[in-house]
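Tertiary structure, described
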Amino acid sequence: MIHLAVLGSGRGSNFEAIQKAIIAGELEAKVSVVISDKQDAPILEKAQSYGIPAIAVPRDNFDTRQAHEKEIVALLQNYTIDYIVLAGYMRILTSYFIRQFPNRILNIHPSLLPAFKGLHAQKQALEYGVKVSGATVHLVNEEVDGGRILGQKCVPVYDSDTEESLSQRILAVEHQLFPEVLQKISEGSLKIPMEVKA
Ligand code: GAR
């Protein structure tokens, strides 16, 4: 059983897929807390509906990125946490935060990394003309979308696709991929090396 903290900025559908997998007995994990940088993010309401502590830490309340992250780190210390799961957290973490949790932060990204890093990955894929895209779960390091890949799923890209239709197709596989990768970590079939905190 692994304990997770989920960070998200928006709708929270990946969080909900993880929580549903836990309830279905497909993922041996517990979400200890959900934190959002947005006061009114739907992910917070979703967490509350499952009885999970949900905390807003709005970026605007802090002068610097590091002050904002320090508050999140302080909050996380109140919970049992093995991994931090970025589920649509649309803020780039500083090296300060990443060094607090070396090899313990996972992110999901809507492309087959290392292709199409950064924002609007689905739009980038359409503009490039790729015929296959997908989703990636990876460890977070100090390079944006650059950490070790833990799992991927692919989807076809059709000539008729719009950003919206491709995003929906990728999102459907994201919802399978994140719980699957987390379960592999939980059962020990996917080993992540422990790194000493910097
Ligand atoms: C997901 O598509 C996720 O891959 C993407 O944001 C969406 C969040 O949806 N993340 C990124 O683009 C990170 N760079 P959700 O809030 O419904 O899980």
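The following paragraphs examine the structure supplied in this document. For clarity, every value in this text was computed on a predicted model and none was experimentally measured.

Another aspect to go through is the overall build of the protein. Each helix and strand counted, the protein has six helices and seven strands in total. Sequence-ordered secondary structure for the protein, helices as α and strands as β, is β-α-β-α-β-α-β-α-β-α-β-β-α. Taking 198 residues into account, the globule formula puts the C-alpha radius of gyration at 16 Å, and the protein, at 16 Å, falls close to it. Scored against the burial criterion, the 198 residues of the protein give a buried share of 49%. Considering only intrachain contacts with a sequence separation of at least 6, the fraction spanning at least 24 residues in the protein is 64%. The distance from the centre of the 20 positive side-chain charges to the centre of the 23 negative ones in the protein is 4 Å.

As a further point, take the site of the ligand. Inspection of the region around the ligand gives Arg11, Gly12, Ser13, Asn14, Gly88, Met90, Ile108, His109, Pro110, Leu171 and Glu174 as its neighbouring residues. With respect to the ligand, the side chain of serine 13 contributes an N or O atom lying 2.5 Å from an oxygen atom. With respect to the ligand, the backbone of asparagine 14 contributes an N or O atom lying 2.9 Å from an oxygen atom. In the complex, the protein chains occlude 87% of the 450 Å² of accessible area that the ligand would expose alone.

Another point: the sheet that holds strand E4 (residues 83-86). Reading across from one edge, E3-E2-E1-E4-E5-E6-E7 is the order of the seven strands in this open sheet, with mixed pairing throughout. Edge positions in the open sheet fall to strand E3 (54-56) and strand E7 (149-156), since each of these has one partner strand only. Each adjacent strand pair in this sheet contributes to an overall mean axis angle of 20°, direction not counted. The sheet contact formed by strand E1 (residues 2-8) and E4 spans four bridges and is parallel. Note that in E4 the partner of leucine 4 across the bridge is tyrosine 83.

Further remarks concern helix H5 (residues 121-128). Given 3.6 residues per helical turn, the α-helix brings residues three or four places apart onto the same face. Among the residues of H5, Ala121, Gln122 and Ala125 are the ones counted as buried. Projected down its long axis, H5 shows its buried positions confined to an angular sector of 100°, all on one face. The elements touched by buried residues of H5 are strand E5 (105-109), strand E6 (132-139) and helix H6 (163-187). Remark: glycine 129 follows H5 within two positions and exhibits a positive phi of approximately 90°.

The next thing to look at is the packing of H5 against H6. Packing of H5 against H6 brings their axes to within 9 Å, and their N-to-C directions diverge by 115°. The handedness of the crossing between H5 and H6 comes out as right-handed. Together, Gln122, Lys123, Ala125 and Leu126 of H5 and Glu163, Leu166, Ser167 and Ile170 of H6 make up the contact between the two elements. Counted by class, the contact of H5 with H6 contains four nonpolar, two polar and two charged residues.

Of all 11 residues that make up helix H1 (residues 13-23), eight are buried, and the element is covered over most of its length. Buried residues of H1: Ser13, Asn14, Phe15, Ala17, Ile18, Gln19, Ala21 and Ile22, and no others. At its buried positions, H1 is contacted by E1, strand E2 (29-36), helix H2 (42-49), E4, E5 and H6. Glycine 25, located one to two residues past H1, shows a positive phi value of around 80°.

Each value, and the rule that gives it
Residues numbered from 1 in each chain as written. Predicted model: local features only at pLDDT ≥ 70, side-chain atom pairs only at ≥ 80, totals over all residues. Heavy atoms only, no water. Helix = DSSP H or I, 4+ residues; strand = E, 2+ residues; numbered from the N terminus. Rg over C-alpha atoms; globule rule 2.2 N^0.38 Å. Buried < 20%, exposed > 50% of the residue type's maximum accessible area, 1.4 Å probe, protein only. Contact = heavy atoms within 4.5 Å. Lys, Arg positive; Asp, Glu negative; His and termini not counted. Charge placed at Lys NZ, Arg CZ, Asp CG, Glu CD. Near = heavy atom within 4 Å. Polar contact = N/O pair within 3.5 Å; in protein donor to acceptor, adjacent residues only side chain to side chain. Areas by Shrake-Rupley, 256 points an atom, 1.4 Å probe, with all protein chains shown as cover. Pairing = 2+ DSSP bridges. Axes fitted to C-alpha atoms, helices over the stretch in contact; angles between N-to-C directions. Arc of directions from axis to C-beta. Left-handed = near helix turned anticlockwise from the far one by under 90°. Nonpolar A, V, L, I, M, F, W, Y, C, P; charged D, E, K, R; others polar.

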